[in-house]
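Examination of the molecular architecture
Single-letter residue listing:
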Amino acid sequence: MNKMNDAEFENKLREFFEANYEYLKETSGHSINQAMKEQALEQVFLYWKKHKDMILGGEISSVKLSAGNLRTPNQNIPFALEGEINTSEKDGQITLFDITTKSREQIENDIDFYQDELNLFAYEAEKMSLETSGKAFALSTSIPKDIRYAIKTGDTESLQEALQNWNPLVPIECSKDAQEAALSKIGEVVEKIHNCEFDPPPISELKKKYKDGKSFCSHVCENCDIRKSCESYITYSGK
Ligand code: SF4
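Predicted model, so just to flag it, every value in this text is computed and none were measured.

**Re the overall build of the chain**
What the chain contains, in helices and strands, is ten helices and five strands. A principal-axis box enclosing the C-alpha atoms of the chain has dimensions of 60 × 50 × 35 Å. Counting the 239 residues in the chain, one finds 16% classified as buried.

In structure tokens form, the structure reads like this:
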């Protein structure tokens, strides 16, 4: 693969993109128009350009992790964790990371979520004796506005500058305390499931504002598949 030139590589990416798109269309029953498809493909190319060295360096991989014999904090209910996380390896050191379509700002606004997630994976990695660097990050694939604008206006100089300034990696703090806090939170969720407590949060939670001024409802509920049957959402949004 690394002997291909850039044009050949982009052709290959286009092929993979088309095959993946067809697969998703067949399995989900959803399709998008040509303009949206081109925008999605552009995002793939930009992601490739930005992370080319890391990808071709063979540093990126993914690993399945699990941890058993866990107990919930209040009711001592046994549970286990398992999942798959991306890894980046440099100088023999493995760093855990999550890829998301959220923007850098959205990740920073929702940093607790990423901190909990990556600390749970760090805990599982430790239990499986995987030697990690102790660092983690969230990688945003969302294209920043200045890059989109430079592409739209065809300003190649501004595009190069914007690509250079684009920093899609958000560092996530990993520590013993953060691991314990994340384990406790997930344990409380296990208890709720075990006790069949599925009530949605109160409306005050839906109103809660993030740093960008948007509410929990705009950030989370608008993307929630069960919102049309959620009492809190229906009452709050009137939809
Ligand atoms: S719409 Fe979904 S995310 Fe929002 S409160 Fe209801 S269940 Fe939770």
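**Regarding the site of the ligand**
For the ligand, the full set of nearby residues is P200, P201, L206, V220, C221, C224, I226, R227, C230, S232 and Y233. Of the residues that constitute the shell around the ligand, the class distribution is nine nonpolar, one polar and one charged.

**Details of the nonpolar core**
L96, L118, F121, A122, A136 and I172 are the most contacted members of the largest nonpolar core, which totals 20 residues. Only β3 (93–100), α4 (111–127), β4 (132–140), β5 (169–172) and α7 (176–194) provide two or more residues apiece to this core. Here this core gets seven residues from one element, more than from any other, and that element is α4. For I172, the residues in contact, after removing those within four places along its chain, are Y114, Q115, L118, A136, F137 and A138.

**A word on the domain arrangement of the chain**
Here the domain parsing of the chain yields domain 1 (1–57), domain 2 (58–193) and domain 3 (199–237). For domain 1 and domain 2, the distance between their C-alpha centroids amounts to 23 Å. Counting from both sides, the interface comprises seven residues of domain 1 and, opposite them, ten residues of domain 2. A class-by-class count of the residues in the side of domain 1 that touches domain 2 yields four nonpolar, two polar and one charged.

**Concerning the packing of α4 against α7**
Where α4 contacts α7, the axes come no closer than 8 Å and their chain directions differ by 105°. Here α4 is positioned roughly perpendicular relative to α7, judged by the angle of their axes. For the pair formed by α4 and α7, the contact residues are Q115, D116, N119, L120, A122 and Y123 on the first element and A178, Q179, A182, L183, K185 and I186 on the second. Considered class by class, the residues forming the contact of α4 with α7 number seven nonpolar, three polar and two charged.

**Things to note about the sheet that holds β3**
The strand order across the open sheet formed by five strands is β1-β2-β3-β4-β5, and the pairing between neighbours is mixed. At either margin of the open sheet sits one strand with a lone partner, and together these are β1 (60–71) and β5. The sheet shows a mean angle of 40° between the axes of neighbouring strands, direction not considered. One ladder, built from four bridges, connects β4 with β5; its direction is antiparallel. Following the sheet pairing, F137 is matched in β5 by P171.

**Thoughts on the packing of helix α5 (residues 145–153) against helix α6 (residues 156–165)**
At a minimum axis separation of 8 Å, α5 and α6 run at an interaxial angle of 160°. Our classification of the angle between α5 and α6 gives roughly antiparallel. Between α5 and α6 lies a crossing of left-handed hand. In contact with D146, I147, A150 and I151 of α5, α6 contributes S158, L159, A162 and L163. Split into classes, the residues belonging to the contact of α5 with α6 amount to six nonpolar, one polar and one charged.

Analysis parameters
- Residues numbered from 1 in each chain as written.
- Predicted model: local features only at pLDDT ≥ 70, side-chain atom pairs only at ≥ 80, totals over all residues.
- Helix = DSSP H or I, 4+ residues; strand = E, 2+ residues; numbered from the N terminus.
- Buried ≥ 20, exposed ≤ 12 C-beta atoms within 10 Å, placed from the backbone.
- Near = placed C-beta within 6 Å.
- Nonpolar A, V, L, I, M, F, W, Y, C, P; charged D, E, K, R; others polar.
- Core = buried A, V, L, I, M, F, W, Y, C linked by C-beta atoms within 7 Å.
- Contact = placed C-beta atoms within 7 Å.
- Domains from an automatic or database assignment.
- Axes fitted to C-alpha atoms, helices over the stretch in contact; angles between N-to-C directions.
- Parallel < 35°, antiparallel > 145°, perpendicular 65-115°, else oblique.
- Pairing = 2+ DSSP bridges.
- Left-handed = near helix turned anticlockwise from the far one by under 90°.

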